[in-house]
Amino acid sequence: MSADKLWITWAGMALLALIPILIQVFELPVFYTEMFCRIMILALAAMSLDLILGFGGMVSFGHAVYLGIGSYTVGIFSFYEIDNGFIQFPATLVICGIFALLIGMMSLRTSGVYFIMITLAFAQMVFFLGISLEEFGGDDGMPVYRSEFGGWIDLNDPLSFYYFVFAILLLLLFLCHRIIHSRFGMVLQGCKSNEARMQALGFPTYRYKLAAFVISGMICGIAGALFANWNEFVSPAIMHWTRSGDLLIMVILGGMGTLFGPVLGTVLFLLLEEYLPEWMDALLFPGAGEHWMGVMGPLLILLVLFARGGIHSLLGRLRIRNG
Amino acid sequence: MGLLLIEQAFNGLQFGVMLFLIAAGLTLVFGIMDLVNLSHGSLVMVGAYLATTLIEWTGSFLLGILFALPATFLVGVVVEVLVLRTLYERDHLDQVLATFGLILFFNEVIRIVWGPASLYSGLPEGLSGHVEILPGVPYPTFRLMIILAGLLVAVLIYVIVAKTRLGMLIRAGASNREMAGALGVNIRMLFTLVFGLGASFAGLAGMMLGPLTSVEPGMGEPLLILAFVVIIIGGIGSIRGAFMASILVGLVDTLGRVFLPMLLRSMVADSTADGVGPALASMLIYILMAGILVIRPRGLFPARTG
Amino acid sequence: MNKKILGVLIVFGLMGSPLYAEKVKVGFMTTLSGPAGIIGKQMKHAFQLGLDHIGNAFGGMESSVIYGDDQRKPDVAKQLADKMVKKHQVHFVTGVIWSNLLVAIHGPVTRSNTFLVSANAGPSTVAGKRCSENFFNVSWQNDQTPEAMGKYLQDNGINNVYLMAPNYQAGKDMLAGVQRYYKRKISGKVFTKLGQKDFQAEISTLRASNPGAVFVFQPGGMGINFVKQYNQAGLMGSVPLYTAFTVDAVSLPALKGSAVGVLGTQTWSPDLDNPVNRRFVRDFRKKYGYIPSFYAAQSYDLVRFIDHAIRVAGGISDRDALRDAMRLGGYPSTRGNLRFNNNHFPIQNFYLREAVKDSDGSYTTKIIDTVFTDHGDNYAKDCRMKW
C-alpha cells in the first residue's frame, strides 16, 4: 500500500470517527451506532485475513474460527462470572495464538487447494467442538455480559463501546501497517509472489508464514472477543464455514492486499446486507427483498470476474487535489 | 449387538454410496479442470427438486427420475458454459468466491420457484416397505435400493473410465491436462461433458435423498463439505480414491454416531453423551482427514502427476 | 403573534387526534425456511386471519406488524429480536416456535421493557425462577403436553417405553414431563440432533432394545421424517408410537394413511367445540384450503390476546395497565376460557387425540378423551411473581 493511497485510510477512519456524532445530530436511533460498531468489529476480522491473504498469499477458508475462539473465550469467562476485560482480552490473544499455531503448523505443510481445504476442515472441527460444548450452550449458544475494565470505560454505553472498538481498530491497523512495511512484511510479500525464490535466497519461508498466520489469528480473536461483547451472545454459528466465506468476500470486495480495503469491503458488504432487501422491495416489488441473496450471488461472480481490485483500487483511481 | 453392528454397517454403506455419487463428479472436475467448485452441492439440490416436481407431474417415481437425470445434466452444461469456463484460468481463490456466489444464486432461485419451506415427496408403494437382509433384521427397501444403485453407478463409472476411449481421455486429462490438450484432445467439450456427468451423478444423489428425508434450499451444503473431505482423503482426480474414501467416511460417520455415544455413556451422563457423541463423530472425519494428509499429503490414491 | 399561537394550538390539537395517535407495533417471529418452514407458514397464516378478524387494528388502534424469519437459528433470532426492539421499536415481540430461540431472546427482550409473548415455545427455564413480568405465554409449558401422555401410558399399563426427543431445551422438557407421570420401566432414552433428517441409525438401535412402545417428540419436519422412516423400517405395526407434537396437522398431510391410529396429547384439536374455535377452523379452511394445526390456533389466540388486552387497558402507553389486562385472561381463545398462572403461563385442559381419516378424505386428529382438566405447570411454584 503506497503512501499516496493512505488518504483512503485517513478519510475512512475520519468518517468512522464521525458517525456516532452524525447519528446523534440527525436524531437517529442508537441502533445505527450499534450497526456501525458491528461493522468495525468485522472489519477488524477481515483486515486480519488480508494480512495473510493479500500479503502472504495464504487462502484461509477457515478464518471465522478465530472469531469463534475469541468469542467463546470471553463467553466462557463470562459464564464463570469473570468479567474483567484485563483478563479476558489478553487470554484471548494467548488462546487464539495457540490455536493458530497448531492449525498453522499442520496446514502450512500443504499448499494450494489442499491448504484451502485443510483450513476449512480445521474450522469445521472447532465448529463441531463448539456445538458439543453442552455446558456452554452447544448449538443454542449462551448469553454474555459485557467486559468490565475496572471503571476506565463502560462498555454498556453504546457510545463508549463504539469508540473503544474504534480505538482498537485504529491501533491494530497501525500495527499491521508497521508489520507490512517491516523486513518481516517484505519477506512475507515475497513468499506470496514467489516462494521458491525466497527459499532459494535462504529465507525460512515456513516460519515467516507461520508467524504471520499466528498474528492474523490473534487479531481475529480480538475481533471475536469484541463481537461477543457487542452481541451479548455467543454461539457456534459464528464459526460456520459460510462466515469464513463472508470474510473472504469482504476482503476481495474492498481490495485485497491493502489493509484498509477490507474495512471498506466490510462496510459495503454489511450495508448491502442491511439495505439491499429494502431497496429491492422499493425498486422492484414488495417481497422482492427477501431474495436479496439472489442478487448478491451474481454480484459476487461479477466482482470476481471484473473488479478484482475491489473498492480500494476504484477509489485509488480518483485523483485528489492537494490542500 | 452383532445384528445392530451389521444393520449400522449397511446404513454407513448407504451414506457412503451417496457421498460417492457427489464426490465422483467433484473429483473429476477438480482433477481434470483444476476447478474448485463449491456449487457442486447445489447440483444435488437441483436434481432433488427437479425429481420431486417431475415425479409429481408424471405420477411415476421411475419416470420422474428418468427425466430428472438429463434435466440435471443440462443444468450442469449450462452452468459450465456460462460461468465456469471463465474460471478455469483463474486462481483457486477466484474459483472459491465465484462458485460461492453460485451457491447463493442457486439457493435463491430454488426459494423463489419452490418456496423456502421443505418439500416432502412420497415413495411408491413397492419401495416404502422393508426387506429382511438377515433373519430378524428388516431393512428399508429404498435404502437397499440406494446402495445397489450407487454400486451400479460406481461400476458404470469404472467401466467408462477404465474401458472406454472417453475414459482414457478423462484419465489423460486428470493426469496431465496440458499434455492431453497438446495431443489434440478437444478439451473444451471434454470439460463440458465431464461436468455434465458429474452434475447428473450429484443430482442422482439428491433424487435419492429427497424421498428419504426432504428437499429444501441449501440441502446440498453439508454434503458438499463432506464430499471435499472425501476427495482430499481419496486423492484429487481419482475415482477409485473417491470410492474408497466415501465408504470409509460413510462408515466412520455412521458407526461413530451410533457407537461413540454408547461408549461415552459408560463414562459420562446420558444427555452429555448424546450431545457430545454426534459432534465428536463429526469431528472424527476431519481428524481422519488431517491425519491422512500428514502421512500422505496428496491423499490415498492421487491421480495427478502433472 | 396571534398566528403563531394559533399554529401551536393547531399542532397540539392534531397531536391529540387520531392522525397523530400512537401506532401499535408488533413483531412476529417464526421459522419460514427449511424443514420447520411448514410450521411458520401455518402460524403466519393464522396470525393474518386473526388480523382479519380484528379489522387489522389491535385494540382498535392503527397497527403495523413486522414479520421475521428466524431460520430456526438462535443467532438469527437474537439479531431479529434486537432489530425489532431497537430499530423498529415494537411494543410486542411475539411468535417464536423453538424453545432454544426463545431462551436466547428472553433476556434481551424482557430487559428492554418490551413485552415478549410466546405463541408456542414454553421452556421450563423461563417458567420458574427466571419468570419475567414482561413475558407471557399463550400456548403451554413444554412439560405439560408430555405429562399428559405419561399419565395415559401409566394409567393404561403400557410397559417398556423407549423415549426419543431432539437434544435441545424443549426435547429435555418433553422427556422430563413424561417421566414425571410415567413411573414404569423405561427401555431406552435417546436424544437426537435438532434438525436431524435421517433417523435410520436411531431406529436400528431402537429395534435392538426391544421396547413395548415408543414415546417420541419430533416437531415439524423432523416428525415427518421420523414417522416415515419408522414405517419404512416396518416398526409401525409391531411397536406402537405415542407422540407429542409429532403427528398433527403439520405432518399429517405428508404422512397421510401411514400415521392413522397414532395417539398424541395436545391442548387443542380442530374438533374442539366452542364458538371461537368453530369460527377459526371454518374461516381458516375457507381462506387457506387446509386444516389448521395447534400452532395455527395458538397464533390466532395470540392476536386475540393482545387485541383484548389493549382494549381492556384502553391503550398501550400505560405498560402496567396493559400487563394487568393481559393477566386477566378471559380473551376469546380457541381453547375456551383460559386463565393464567402466576408465572404467566396458561392453566388449561389437555386432551388425548387420535390421527384419523375424516369423512371428506382429509387426515386430521380427533379428541377421544380428556387427560387433565385445568392443569397448571410444574414450575409455577418456583416463580416469585404474585399478583
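Residues numbered from 1 in each chain as written. Chains lettered and ligands numbered in written order. Predicted model: local features only at pLDDT ≥ 70, side-chain atom pairs only at ≥ 80, totals over all residues.

## What to know about the overall build of chain B
Condition: For helices the rule is a DSSP run of H or I covering at least 4 residues; for strands it is a run of E covering at least 2, with both sets numbered from the N terminus onward. Radius of gyration: over C-alpha atoms. The globule rule applied is 2.2 Å multiplied by the number of residues raised to the 0.38 power. Once C-beta atoms are placed from the backbone, each residue is buried if 20 or more other C-beta atoms lie within 10 Å of its own, exposed if 12 or fewer, and partly exposed for counts between those two. Working definition of a contact: two residues with C-beta atoms, positioned from the backbone, lying within 7 Å.
Within chain B one finds eleven helices and two strands. For 306 residues, the compact-globule estimate of 2.2 N^0.38 gives 19 Å, and the C-alpha radius of gyration of chain B, at 20 Å, lies within 12% of that figure. Residue burial in chain B is summarised as follows: out of 306 residues, 57% are buried. Of the contacts formed within chain B by residues at least 6 apart in sequence, a portion of 77% connects residues at least 24 apart.

## Focus on the overall build of chain A
Regarding its fold elements, chain A presents 13 helices and two strands. Computed over the C-alpha atoms, the radius of gyration of chain A is 20 Å, within 12% of the 20 Å expected from 2.2 N^0.38 for a compact globule of 323 residues. With the C-alpha coordinates aligned to their principal axes, the bounding extent of chain A is approximately 60 × 55 × 40 Å. By residue count, 52% of the 323 residues in chain A fall in the buried class. In chain A, once contacts between residues fewer than 6 apart in sequence are set aside, the share between residues at least 24 apart is 77%.

## Topic: the confidence of the model for chain B
Low pLDDT marks stretches whose predicted atomic positions should not be read closely. The following threshold applies: The pLDDT score gives, residue by residue, the confidence of the prediction method on a 0 to 100 scale.
The predicted model of chain B averages 86 in pLDDT, with 95% of residues at 70 or higher. Per the prediction output, this complex has pTM 0.86; the corresponding ipTM is 0.85.

## Regarding helix H10 (residues 275-288) of chain C
Residue and element names in this part refer to chain C. Worth spelling out the cut-off: A helix's residues, less one, multiplied by 1.5 Å, set its expected span. It is the directions from the helix axis to the C-beta atoms whose arc is reported.
For H10, built from 14 residues, the straight-helix expectation of 20 Å at 1.5 Å per residue is met to within 8% by its first-to-last C-alpha distance of 20 Å. Among the residues of H10, Val 276, Asn 277, Phe 280, Val 281 and Phe 284 are the ones counted as buried. Angular distribution of buried residues about the axis of H10 spans 125 degrees; they occupy a single face of the element. Relative to its buried face, H10 has exposed residues pointing more than 90 degrees away, namely Pro 275, Arg 282 and Lys 286. Elements in contact with the buried residues of H10: helix H2 (37-53) and helix H11 (294-313). Looking one or two places after H10, you find Gly 289, whose phi comes out positive at around 80 degrees.

## With respect to the interface of chain A and chain B
Listed as interface residues are 34 residues of chain A and, on the opposing side, 35 residues of chain B. Those elements that place two or more of their residues in the side of chain A that touches chain B are helix H5 (112-132), helix H10 (241-254) and helix H12 (293-306) of chain A. Here the side of chain A that touches chain B takes 13 residues from H5 of chain A, the largest share from any one element.

## Remarks on the interface of chain C and chain B
Put simply, the rule reads: Amino acids are sorted into nonpolar (Ala, Val, Leu, Ile, Met, Phe, Trp, Tyr, Cys and Pro), charged (Asp, Glu, Lys and Arg) and polar (every other residue, Gly among them).
In this complex, chain C contributes 27 residues to the contact, which on the side of chain B involves 28 residues. Elements represented by at least two residues in the side of chain C that touches chain B include exactly H2, strand S7 (186-192), helix H7 (200-208) and helix H8 (221-232) of chain C. Per-element tally for the side of chain C that touches chain B: the top contributor is H7 of chain C, with five residues. Its residues assigned to classes, the side of chain C that touches chain B shows ten nonpolar, eleven polar and six charged.

## Regarding the sheet that holds strand S1 (residues 24-30) of chain C
All names here are of chain C. Applied cut-off: A pair of strands is treated as paired once DSSP finds two or more bridges between them. Under this scheme, a helix contributes an axis fitted over its contacting stretch, all axes are lines through C-alpha atoms, and angles between N-to-C directions fall in the 0 to 180 degree range.
Read from one edge to the other, the open sheet built from five strands follows the order S2-S1-S3-S4-S5, with strand pairing classed as parallel. Every interior strand has two partners, whereas the edge strands, strand S2 (63-69) and strand S5 (135-137), have only one. Taking each pair of neighbouring strands and ignoring which way they run, the sheet shows an average axis angle of 20 degrees. Pairing of strand S4 (residues 115-118) with S5 involves three bridges; the strand directions are parallel. When the bridges of S5 are listed, Val 117 appears paired with Phe 136. Packing of H2 onto the sheet brings it into contact with S1, S2 and strand S3 (92-95), and relative to S1 it is tilted by some 155 degrees. Where helix H3 (residues 74-87) meets the sheet, its contacts fall on S1, S2 and S3, and the angle it forms with S1 comes to roughly 175 degrees.

## Digging into the packing of helix H1 (residues 2-33) of chain B against H7 of chain C
Here is the rule we go by: Just so you know how the angles are binned, under 35 degrees is roughly parallel, over 145 roughly antiparallel, 65 to 115 roughly perpendicular, and the rest oblique. Helix crossings are classified by the rotation of the near helix relative to the far one: an anticlockwise turn of less than a right angle makes the crossing left-handed, while a clockwise turn makes it right-handed.
In contact at an axis separation of 10 Å, H1 of chain B and H7 of chain C are set at 165 degrees when each is read in the N-to-C sense. It follows from the interaxial angle that H1 of chain B and H7 of chain C lie roughly antiparallel. Crossing angle aside, the handedness with which H1 of chain B passes H7 of chain C is right-handed. Across the interface between the two elements, Leu 3, Leu 4, Glu 7, Gln 8 and Asn 11 of chain B of H1 of chain B pack against Gln 200, Ala 201, Ser 204, Thr 205 and Ala 208 of chain C of H7 of chain C. Here the contact of H1 of chain B with H7 of chain C is built from residues that sort into four nonpolar, five polar and one charged.

## Quick word on the pairing of S7 of chain C
All names here are of chain C. Test applied: Looking down the strands as they point away from you, a crossover is right-handed if its path from the first strand over the helix to the second goes clockwise.
Here strand S6 (residues 161-166) pairs with S7 via six bridges, running parallel. Bridge pairing in S7 places Met 164 opposite Val 190. Crossover connection from S6 via helix H6 (residues 169-181) to parallel S7: handedness right-handed.

## Things to note about helix H6 (residues 158-180) of chain A
For H6 of chain A, with 23 residues, the first-to-last C-alpha span of 33 Å sits near the 33 Å given by 1.5 Å per residue. Against helix H1 (6-25), helix H2 (31-53), helix H7 (183-193) and helix H9 (205-231) of chain A lie the buried residues of H6 of chain A.

## Looking at the environment of Leu 252 of chain C
Residue and element names in this part refer to chain C. The topology assignment puts Leu 252 in helix H9 (residues 252-255). Residue classification places Leu 252 among the buried residues on the basis of 26 C-beta atoms within 10 Å. Sequence separation between Leu 252 and Ser 362 is 110 residues, and the spatial gap between their C-alpha atoms is 9.0 Å.

## Points about the environment of Leu 302 of chain C
Residues and elements named next belong to chain C. Within the secondary structure, Leu 302 is located in helix H11. Owing to 28 C-beta atoms within 10 Å, Leu 302 belongs among the buried residues under this scheme. Separated by 208 residues in sequence, Leu 302 and Thr 94 place their C-alpha atoms 8.1 Å apart.

## Remarks on the packing of H1 of chain B against helix H9 (residues 221-234) of chain B
A packed helix pair is summarised by two numbers, namely the angle formed by the two axes and the spacing between the axes. Residue and element names in this part refer to chain B. Following both chains from N to C, one finds H1 and H9 inclined at 65 degrees, their axes separated by 9 Å at the closest point. Note that H1 runs across H9; the crossing there is right-handed. Across the interface between the two elements, Leu 19, Ile 22, Ala 23, Leu 26, Thr 27 and Phe 30 of H1 pack against Leu 223, Leu 226, Ala 227, Val 230, Ile 231 and Gly 234 of H9. Counted by class, the contact of H1 with H9 contains ten nonpolar, two polar and no charged residues.

## A look at the pairing of strand S10 (residues 263-266) of chain C
Residues and elements named next belong to chain C. Here three bridges tie strand S9 (residues 241-244) to S10, and the two strands are oriented parallel to one another. Residue pairing in the sheet places Tyr 242 in a bridge with Leu 263 of S10. Alignment of S10 against strand S12 (residues 346-357), held across four bridges, turns out to be antiparallel. Directly across from Thr 265, in S12, lies its bridge partner Leu 352.

## Quick notes on the nonpolar core
Short version of the rule: Think of a nonpolar core as buried Ala, Val, Leu, Ile, Met, Phe, Trp, Tyr and Cys residues chained together by C-beta atoms that fall within 7 Å. Where a domain begins and ends is set by an automatic assignment or by a domain database.
Among the nonpolar cores identified, the biggest contains 328 residues, and Ala 223 of chain A together with Ala 227, Val 229 and Val 230 of chain B are the most heavily contacted of them. Of the residues forming this core, the biggest block, 17 residues, is contributed by H1 of chain B. Each of domain 1 (18-140 + 272-340) and domain 2 (144-266 + 352-375) of chain C gives at least three residues to this core. If we skip the residues at most four places from it in the chain, Val 229 of chain B touches Ala 121 of chain A together with Val 249, Ile 285, Tyr 286 and Met 289 of chain B.

## Side note on unusual backbone geometry
All names here are of chain C. In this structure, Lys 256 is a non-glycine residue whose phi angle is positive, near 50 degrees. Relative to the helices and strands, Lys 256 resides in the loop between H9 and S10. Positive phi, close to 50 degrees, is recorded for Asp 374, a residue that is not glycine. Here Asp 374 shows up in strand S13 (residues 363-375).

## Focus on the environment of Ser 124 of chain C
Within the secondary structure, Ser 124 of chain C is located in the loop between S4 and S5. The spacing of Ser 124 of chain C and His 344 of chain C is 220 residues in sequence and 12 Å in space, taken between C-alpha atoms.

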